[in-house]
Amino acid sequence: METMNFLITGVGGQGTVLASDIMAAVGVAAGYDVKKSDILGLSVRGGGVIGHVRWGEKVYSPIVPEGKADFLLAFELLEGMRWLDQLRPTGKVLINQQRILPVVVSSGLAEYPSDERIDAAVAVATPAYYKVPAIDLALELGTSKVLNVVLLGALSGLLDVAPEIWEQVLTERVPKKHTQTNLKAFHAGRDWMKGQL
Amino acid sequence: MKKIMTGNEAIARGAYEYGVKVATGYPGTPSSEILENITQYKEIYSEWSTNEKVATEAAIGAAYAGRRAITTMKQVGMNVASDAFFFAVYTGMRAGLLIVAADDPGMFSSQNEQDNRHYARFAKMPMLEPGDSQEAKDFVGLGLELSEKWDVPVLLRTCMRVSHSASPVELGERNWDDEALPPKWVRNQEKYVCTAMWAKKKRPMIEERLVKLSELADTMPINRLEWGDRKLGIIASGPAYYYAREVFPNASFLKLGMTFPLAKGLVRELAAGVETLLVIEELDPFIEDQVKAMGIPCRGKDIFPAYGELLPADIEHYCAEAGLLPKEKVTVKREIAPKDLPGRSPVLCPGCPHRSTFYNLAKMKDLIIVSDIGCYNLGALAPFFATDFMGSMGAGFGVAHGFEIGDIKKTGQKVLGIVGDSTFFHNGVTPLLNVVHNGGNSTLMVLDNGTTAMTGHQDHPGLDKTLHGPGKRVDIANLARACGVEHVIKVNAFDVKGVEKAIKEGLAYEGPSFIVVEGPCFFVGQGSGPVYEVDTATCNGCTLCFRLGCPAIVQSDELDEKTGRPKAWIDPVLCVGCDMCAQICPRHAIGPVVTEAKPASGNGSKPCAGCGTAG
Ligand SMILES: Cc1ncc(C[n+]2csc(CCOP(=O)(O)OP(=O)(O)O)c2C)c(N)n1
C-alpha cells in the first residue's frame, strides 16, 4: 500500500498534539508502520501548530512530503486554509467550523478571510471538503476540550479502521474519569461523518 | 512489546533500561521532555540543575562516584556546558556518562543555529546520532557501553525532528541491581586532578583513542553499508538518512550511527563502489569535510545549504537542480492558500504577569531595553515592540553593563537590563556581581513569574519545589542584596502603575538598582479570577486596552459614534480576570462580570499547558 499522510493543524491549546498522538497509536494498533512529527514551537502562546502523521508498510521520514497529504484535519478555519497547498488533488479536508482570531486580526491590523474566500480556496484544493461542526458537537457534550476527539471521530468515518481500535486507543490515552465523554465525543464526530456519506 | 514514543520519551526509556541512576539537565527546546519523562522511573535520581554547566558537572560527579549518568540540554546549552565536558574527556569516569544535546536545525525555538557535532570533534569525544525513536533508545545503551569501555563521555546528538517525532520502539527491561552501592572511591590524582602536569600526559592517549575508535567504527553494526544502485552512493546520519531514503529508495547508502570518529574504511568502500558520492547532512559539512580530508571527492554543500532543515522536499529540489534526480520526479506543490493570510504569531497569554512591564516600557522614550530569553521576549513583538536586544541567557544583565561602560548614557539614553527568574539563576547572578563590584550603575530587572515558563514550567532555585518534591527556595531580592545591591525594589506585576513607578525609580537611582516584578505565570498561579467585561455605554473606543496585547481583548463590531473607532470586547472564554485592562481604562469602562458564570471553554479554568513549549 502507499503510505497514508495526515496533516493536523490548529491553534496552540486546542489539543492537536493529543490528536496526533492518538492518530499514531491507532496506526500502530491497526498494524501499520507509523511515524509522526509535531512542531511544538510556541504553540501554547496561541501560535499556529502543525503535526504530521504517516501510516504505511514501511515509513522512513516522519514528514508528510510536500503536496502529498491525503487528509488535512484542521481545528480552525484560518489554519486549515493556510495548509491547503500540501493537499493532494485527491486529498480530503476536514475543518472544524471555528474562527479563532489571531492578535493581528483582533487588534485590527489584518482581516480574517471571509467564508466565501475560504470556500473558494478549498474548492481549488479538493472537491472533498467536510465542514465539521466539531466545536458545537463538543459543547453539546459540555466541554470544548473534546473538540480534538470529535474531529478524530469524523476522520475515522473516512478510514478503514475498526471503531473498536479507536475506542481502545482512546481509552488508553485519555484520563480515566474522562473516558466516557471522550468515547461519546468520538461517536458524535463519527456519526456526523456517516451522515454525510 | 512495541510502543509509539517520541525521541525524547525513547531516550528517557533508554536511560531506564540501561541502568542510568542519575539524570540532570537544564530545560531547553527540544530537549526538555527527556528529563520530564525520566521522572516516571523511580530508580533514577533526576534534577533540574541551575544551568547546563552545573548539570554536566553534577552528572560527571555522579559518574565519578560510579553511577551511570546522563545530562540533557538544548543545542545552545552545550555552549554553557562546554567548560565541563572538555575536562571529563581527560579524566574519564568510573561509570558511563552520556551528554544529550538536542540541535535545532531550522531554528524553531532557538536564538541561533549551530551544529553541535563540532563539539564532539572539538572535545575529542565519540558521538552517536540517532535518526528515529528506536535508535534514540538503543543508542543510549550503546553510548553508555562505549563510555565505559573507552573511559570517555559520549555525546548523544539528537535534533528537533528526532526529539519531537514519534515512531514505534521495542521495549525492554531494566536489568540492573539498583540496590548495589557504588564502589568506594580511591584517590587517583593522575587521573582526576586536571593539573597541567598530569593532564598533559593524557594527550597522546586521547589522540590514540580516537584512532582506535575510528577503526572500531568500521565494524559497528550501527554504521552500515546498504548496497543498491551503484550510480549514486549516499552518506547520511540521523533523520537526514530517513529523508534521503524517502527520496532515493534505490541508491546505495552508508548509514552512520556514530559520526565521530568517522568509519573511514566504510566511507572508502562506498566511494570505491559508486559513480557519485553524496553526503546528505543538515547544517555544517561535518561528515563531508572529513571525507574530503581523506582525499575522497564527494558532493554535499555545493548542492545543499548549510542552514535550515533538509526535508525530503528540499533534498528533491536541490538534487534535481544538481542533476542527481530527474526533474519530473520532483513533486510540484500547488499554490492555493492566498499569500496574504494573517499570520498567527505567539503572544503573551491572558493573565501573563509580564504584560504590565512591556505595556509600561512601550511608553518610555530614550530607554535602551536590554532583554533576554523567555516568554518575556514576546515584549519584542506586537503591540509592544519594547526591547532593543536579546541574545543569550544572562546577556540581559551582562550586555546592559556593557552599554553603561560604553558611555551610552552620555547620549542622553538610559539602559535597563531585563532577565526572567530562571534566567537570573541560570547566568544572571555573575553579571550582577560584575556590576556591583565594578561600581556599575545599571538598572536591572527580574521578571519573577515563579517558573521557567517558556520551556514548559520547570522548577528553578527560586521555588520551593524540585522535580521530585519540596525544595529550598532562594529569595531573589535577598540574593541581590547579598550581592551588594542597595536599591532593591519588589513590585506586584499585576499593579500596572506600581510597575511603572518601580522602573522610573530604578532608572533615577544613582548606583546599581534591582527590581523584582513578582506575579505568577498563569499556569502555576492561583487560577482564574472573575471574567471581566466592557461596559459598552462607557467605552468610547479609545483603543488603549488593545495596547496590552491581550488575546482576550478584541475589537467589537460596535463603533463609537463620536470617534468612529471600534469599542472593545472581552472574550469571556479567554479572560482570566488579571485586572490589568481595568486598571488602565481611562473611562473605567472595564470591570468584573458579577452575575454570569464562566462558560466552559477549550481552555477551561486553566488553559491546557500540555503541549506548546519552546525556547
Ligand atoms: C543556554 C540556554 N539554555 C536554555 C535555553 C532555553 N530557554 C529559553 S528561555 C528559558 C528560560 C525562561 O525562563 P525565565 O527566565 O524564568 O522566563 P519565563 O519564560 O518564565 O518568562 C530557557 C530555559 C536557552 N535559550 N539557552
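Scoring rules and cut-offs
- Residues numbered from 1 in each chain as written.
- Chains lettered and ligands numbered in written order.
- Predicted model: local features only at pLDDT ≥ 70, side-chain atom pairs only at ≥ 80, totals over all residues.
- Heavy atoms only, no water.
- Salt bridge = Lys/Arg side-chain N within 4 Å of Asp/Glu carboxyl O.
- Buried < 20%, exposed > 50% of the residue type's maximum accessible area, 1.4 Å probe, protein only.
- Helix = DSSP H or I, 4+ residues; strand = E, 2+ residues; numbered from the N terminus.
- Pairing = 2+ DSSP bridges.
- Contact = heavy atoms within 4.5 Å.
- Axes fitted to C-alpha atoms, helices over the stretch in contact; angles between N-to-C directions.
- Core = buried A, V, L, I, M, F, W, Y, C linked by side-chain atoms within 4.5 Å.
- Domains from an automatic or database assignment.
- Buried area = accessible area lost by both parts, 1.4 Å probe.
- Polar contact = N/O pair within 3.5 Å; in protein donor to acceptor, adjacent residues only side chain to side chain.
- Near = heavy atom within 4 Å.
- Areas by Shrake-Rupley, 256 points an atom, 1.4 Å probe, with all protein chains shown as cover.
- Parallel < 35°, antiparallel > 145°, perpendicular 65-115°, else oblique.
- Left-handed = near helix turned anticlockwise from the far one by under 90°.
- Nonpolar A, V, L, I, M, F, W, Y, C, P; charged D, E, K, R; others polar.
- Expected span 1.5 Å × (residues − 1).
- Arc of directions from axis to C-beta.

**Observations regarding the pattern of salt bridges**
Taken as a whole and assessed by the stated rule, the structure comprises 42 salt bridges over all chains. Note that Asp38(A) and Lys36(A) form a salt bridge whose closest N and O atoms lie 2.5 Å from each other. With respect to burial, Asp38(A) and Lys36(A) carry one shared label: buried. A salt bridge links Glu500(B) to Lys504(B); its shortest N-O distance comes to 3.0 Å. With Glu500(B) and Lys504(B) both in helix 18 (residues 496-508), this residue pair falls four residues apart, about one helical turn. The structure contains a network of salt bridges with shared partners spanning Asp103(B), Asp115(B), Arg117(B), Glu129(B), Arg157(B) and Glu281(B).

**Structural notes on the sheet that holds strand 7 (residues 154-159) of chain B**
Residues and elements named next belong to chain B. Taken together, the seven strands give an open sheet; going across it, the order is 3-2-4-5-7-6-12, and neighbouring strands pair in mixed fashion. The outermost strands of the open sheet, each flanked by one partner alone, are strand 3 (45-48) and strand 12 (258-260). Sheet strands in contact with helix 3 (residues 52-65) are strand 2 (22-25), strand 3, strand 4 (69-74) and strand 5 (97-103), and its direction is about 165 degrees off that of strand 4.

**Points about the nonpolar core**
Leu361(B) and Phe514(B) are the most contacted members of the largest nonpolar core, which totals 71 residues. Formed by 66 residues, the second largest nonpolar core is a distinct cluster that contains Ala12(B), Val100(B), Val169(B) and Leu266(B).

**Describing the domain arrangement of chain B**
What the domain assignment reports for chain B is domain 1 (2-217), domain 2 (224-329), domain 3 (355-524) and domain 4 (532-592). Computed from C-alpha atoms alone, the centre-to-centre distance between domain 2 of chain B and domain 3 of chain B is 47 Å.

**Topic: the sheet that holds strand 4 (residues 69-74) of chain A**
What the eight strands build is an open sheet, ordered 6(A)-5(A)-4(A)-1(A)-3(A)-2(A)-8(B)-1(B); its pairing is mixed. Of all the strands in the sheet, just strand 6 (129-132) of chain A together with strand 1 (2-6) of chain B have a single pairing partner and so form its edges. For this sheet, the mean angle separating the axes of adjacent strands, direction not counted, is 20 degrees. Across eight bridges, strand 1 (residues 4-11) of chain A lies against strand 3 (residues 48-56) of chain A in antiparallel orientation. Directly across from Phe6(A), in strand 3 of chain A, lies its bridge partner Val53(A).

**A short note on the interface of chain A and chain B**
Opposite the 65 residues of chain A that make contact, chain B presents 56 residues. Interface area, chain A with chain B, both sides summed: about 5100 Å², of which 61% is carbon and sulfur. Summed over the shared surface of chain A and chain B, the result is five salt bridges. With its nearest N and O atoms 3.0 Å apart, the salt bridge here joins Arg344(B) to Glu76(A). Where chain A touches chain B, the interface holds 16 residue pairs in polar contact (both at pLDDT 80 or more). Going through the elements one at a time, helix 1 (16-29), strand 2 (33-39), strand 3, helix 2 (77-82), strand 5 (87-96), helix 3 (103-106) and helix 4 (115-125) of chain A are the ones with two or more residues in the side of chain A that touches chain B.

**Points about the site of the ligand**
Residue and element names in this part refer to chain B. Near the ligand there are 27 residues, and of these Glu52, His354, Cys375, Asp421 and Thr423 occur at the shortest range. Within the side chain of Thr423, an N or O atom sits 2.5 Å from an oxygen atom of the ligand. Calculation on the ligand without its partners gives an accessible area of 580 Å², and the protein chains cover 99% of this total. Contributions of two or more residues to the shell around the ligand are made by helix 4 (77-91) and helix 16 (421-437). Ranked by residues supplied to the shell around the ligand, first place goes to helix 16 with four residues. Residues lining the shell around the ligand come from more than one domain, with at least three contributed by each of domain 1 (2-217) and domain 3 (355-524).

**Some thoughts on the packing of helix 14 (residues 354-361) of chain B against helix 18 of chain B**
All names here are of chain B. Interaxial distance between helix 14 and helix 18 falls to 9 Å at its minimum, and their mutual angle equals 60 degrees. Relative to helix 18, the element helix 14 lies oblique. With respect to the hand of their crossing, helix 14 and helix 18 are arranged in right-handed fashion. On helix 18, the residues touching Ser356, Thr357, Tyr359, Asn360 and Leu361 of helix 14 are Val496, Val499, Glu500 and Ile503. In the contact of helix 14 with helix 18, the residues fall into five nonpolar, three polar and one charged.

**So, helix 1 of chain A**
With 14 residues, helix 1 of chain A extends 20 Å between its outermost C-alpha atoms, agreeing within 8% with the 20 Å of an ideal straight helix rising 1.5 Å per residue. Within helix 1 of chain A, 10 of the 14 residues are buried, leaving the element largely enclosed by the surrounding structure. The inward-facing, buried residues of helix 1 of chain A abut strand 1, strand 2, strand 3, helix 6 (147-156) and helix 7 (163-173) of chain A together with strand 1 of chain B. Of the residues flanking the end of helix 1 of chain A, it is Gly31(A), one or two places downstream, whose phi is positive at about 95 degrees.

**Focus on the side chain of Lys567(B)**
Residues and elements named next belong to chain B. Of note, Lys567 is situated in strand 21 (residues 566-570). Lys567 gets classed as buried once you look at its relative accessible area, which sits at 7%. In this view, Lys567 contacts Thr536, Cys539, Gly541, Phe546, Val554, Gln555, Ser556, Glu558, Leu559 and Asp560; residues no more than four positions away in its chain are not counted.

**Let's talk about the packing of helix 1 of chain A against helix 7 of chain A**
All names here are of chain A. Packing of helix 1 against helix 7 leaves a shortest axis separation of 9 Å and a crossing angle of 130 degrees. What the angle tells us is that helix 1 and helix 7 run oblique. Regarding helix 1 and helix 7, the two cross each other, and that crossing is right-handed. Across the interface between the two elements, Leu18, Asp21, Ile22, Met23, Ala25, Val26 and Ala29 from helix 1 touch Ile165, Trp166, Val169, Leu170 and Arg173 from helix 7. Residue composition of the contact of helix 1 with helix 7, by class: 10 nonpolar, no polar and two charged.

**Examining helix 7 of chain A**
Residues and elements named next belong to chain A. Those residues of helix 7 lying buried are Trp166, Val169 and Leu170. Buried residues of helix 7, viewed axially, fall in a sector of 100 degrees; they line one side. Seen from the open side of helix 7, the exposed residues pointing more than 90 degrees away from its buried face are Glu164 and Glu172. Structurally, helix 7 contributes buried residues whose contacts are with helix 1, helix 6 and helix 8 (179-196).

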